[in-house]
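A closer look at the structure
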Amino acid sequence: MAATSTTPRDWTSHPPYIYPAYASTPLRGPKNPLIPLKQTLSELTGPVYGHESVGKLDSDLTRNSAVNGEPLGERIIVTGRVLDEAGRPVPNTLIEIWQANAAGRYVHKVDQHPAPLDPNFLGAGRCVTDEEGRYRYKTVKPGAYPWGNHYNAWRPNHIHLSLFGHTLASRLVTQMYFPGDPLLALDPIYQSAPEGARERMICSFSIDVTEPDYALGYVFDIVLRGPKETPMENVK
Ligand SMILES: [Fe+2]
């Protein structure tokens, strides 16, 4: 396979490794300059992780873990395109999705805050982009939840996403937020991404994607590299 080259990462699109208001970053962020690694064939070709095993139900979080009914909450459809640094669609991109339920609770032993779990909602799914770089999944809108960063800290509604592009250099982990959320202005994770770039993490409501009598629709395009790159999660 011929190697493709990638432009240097545009760091003005991303949060710094250490952002003191996001309290765990001073503990885990590197304090010494990073050492650039030369890109070799292994970074510029592959990998392809688990694409073959993605089934149709994987992209429907309202059904993929249902036990005895439908999950509670506001059903939503999220769709968009995955694009490379030149704005070209990136087909065959594996997107992994995880989120809290409508009450703001994760199925995770560390999440013990007093909001209910939903027996019909796991909060995990995945999908693969088509030839036009397009993806689509169904879920319920995640609730806001408290976290221990500071007094009365609440995370805005958000969905976590991990993407594997066509090379390791085009891996991206990010969060998608919702328009008009008053918690965005108070959230140090969202605020840690530079102004002008952080807005790329907010999806748009779409009446065209909305399905009558069924679910609201949102559009969220994701850019893996280049000057319009979607900000990466500050977890390394
Ligand atoms: Fe979260």
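My aim in this report is to walk through the structure given alongside it, one point at a time. Quick caveat: nothing in here was measured; it's all calculated off a predicted structure. (Residues numbered from 1 in each chain as written. Predicted model: local features only at pLDDT ≥ 70, side-chain atom pairs only at ≥ 80, totals over all residues. Heavy atoms only, no water.)

1. Quick word on the coordination of the iron ion
Summarising the metal site, the iron ion is bound by the protein donors Tyr 106 (OH), Tyr 145 (OH), His 158 (NE2) and His 160 (NE2), whose distances to it range over 1.9 to 2.2 Å. Around the iron ion, the 4 donor atoms are arranged such that angles at the metal cover 92 to 156°; this shape is classified as irregular. (Donors = N, O, S within 2.8 Å, 3.2 Å for Na, K, Ca; no water. Tetrahedral: all angles 85-135°; square planar, octahedral: opposite > 155°, others 65-115°.)

2. Some remarks on the nonpolar core
Side chains that are nonpolar tend, in soluble globular proteins, to be buried together. Among the nonpolar cores identified, the biggest contains 24 residues, and Tyr 135, Tyr 137, Leu 161, Met 176 and Ile 222 are the most heavily contacted of them. Elements that contribute at least two residues to this core include exactly strand 1 (75–83), strand 2 (94–98), strand 4 (134–140), strand 7 (158–164) and strand 8 (171–177). Excluding anything up to four places from it in sequence, Tyr 137 contacts Ser 59, Leu 61, Ile 76, Ile 77, Val 78, Ile 97, Cys 127, Ile 159, Leu 161 and Met 176. Listed in part, the 7 residues of the second largest apolar core include Tyr 177, Leu 184, Ile 189 and Met 201. (Core = buried A, V, L, I, M, F, W, Y, C linked by side-chain atoms within 4.5 Å. Buried < 20%, exposed > 50% of the residue type's maximum accessible area, 1.4 Å probe, protein only. Helix = DSSP H or I, 4+ residues; strand = E, 2+ residues; numbered from the N terminus. Contact = heavy atoms within 4.5 Å.)

3. Thoughts on the sheet that holds strand 8
The sheet built from 4 strands is open, its strands ordered 3-2-7-8 with antiparallel pairing. Looking at which strands have only one partner, the edges of the open sheet turn out to be strand 3 (124–128) and strand 8. Here the strands of the sheet are splayed against their neighbours by 20° on average, with no regard to which way each runs. Relative to strand 8, strand 7 runs antiparallel, the two being bridged by 7 bridges. Considered in strand 8, the bridge of Ile 159 is made with Met 176. (Pairing = 2+ DSSP bridges. Axes fitted to C-alpha atoms, helices over the stretch in contact; angles between N-to-C directions.)

4. Details of empty space enclosed by the protein
Considering all chains together, one arrives at 2 cavities of 30 Å³ or more under this definition. In this model, the second largest cavity occupies a volume close to 30 Å³. As for the second largest cavity, its lining consists of Gln 99, Ala 100, Asn 101, Arg 105, Tyr 106, Val 107, Leu 117, Phe 121, Leu 122 and Gly 123. Split into classes, the residues belonging to the lining of the second largest cavity amount to 6 nonpolar, 3 polar and 1 charged. (1 Å grid on protein atoms, 1.4 Å probe; cavity = no way out; pocket = protein on both sides within 12 Å on 5 of 7 lines; lining within 4 Å. Points joined across faces, edges and corners; volume = space filled by probe spheres on them. Nonpolar A, V, L, I, M, F, W, Y, C, P; charged D, E, K, R; others polar.)

5. Focus: the layout of surface pockets
Estimated volume of the second largest pocket: approximately 260 Å³. Tyr 22, Tyr 145, Arg 155, His 160 and Glu 233 are the residues nearest the centre of the second largest pocket, which is lined by 12 residues in total. Only strand 5 (145–147) and strand 8 provide two or more residues apiece to the lining of the second largest pocket. A breakdown of the residues in the lining of the second largest pocket according to their chemical character gives 8 nonpolar, 2 polar and 2 charged.

6. Remarks on unusual backbone geometry
Located in the positive-phi region is Asn 92, a residue other than glycine, with phi close to 60°. One non-glycine residue, Asp 213, lies in positive phi territory at about 60°. Positionally, Asp 213 belongs in the loop between strand 9 (204–211) and strand 10 (215–219).

7. Let's talk about the packing of aromatic side chains
All told, the structure shown has 7 aromatic pairs when counted by the stated rule. On the basis of an interplanar angle of 75° and a centroid distance of 5.2 Å, the ring pair of Tyr 106 and Tyr 145 is categorised as edge-to-face. Taken together, the residues Tyr 106 in the loop between strand 2 and strand 3 and Tyr 145 in strand 5 connect sequence positions 39 residues apart. Seen in terms of ring centroids, Tyr 177 and Tyr 190 are 5.1 Å apart; in terms of plane orientation they differ by 70°. Their pairing is edge-to-face. Placement of Tyr 177 in strand 8 and of Tyr 190 in helix 3 (residues 188–192) is noted, with a sequence separation of 13 residues between them. Since its relative accessible area comes to 1%, Tyr 177 is described here as buried. The structure contains a cluster of three or more aromatic residues connected by ring pairs, namely Phe 178, Phe 205 and Tyr 218. The ring of Phe 178 is capped by Lys 141, whose NZ or CZ atom sits 4.9 Å from the centre of that ring. (Phe/Tyr/Trp six-rings, centres within 6.5 Å; stacked < 30°, edge-to-face > 60°. Lys NZ or Arg CZ within 6 Å of the ring centre and 35° of its normal.)

Read these as layout, nothing more, since geometry by itself doesn't imply function.
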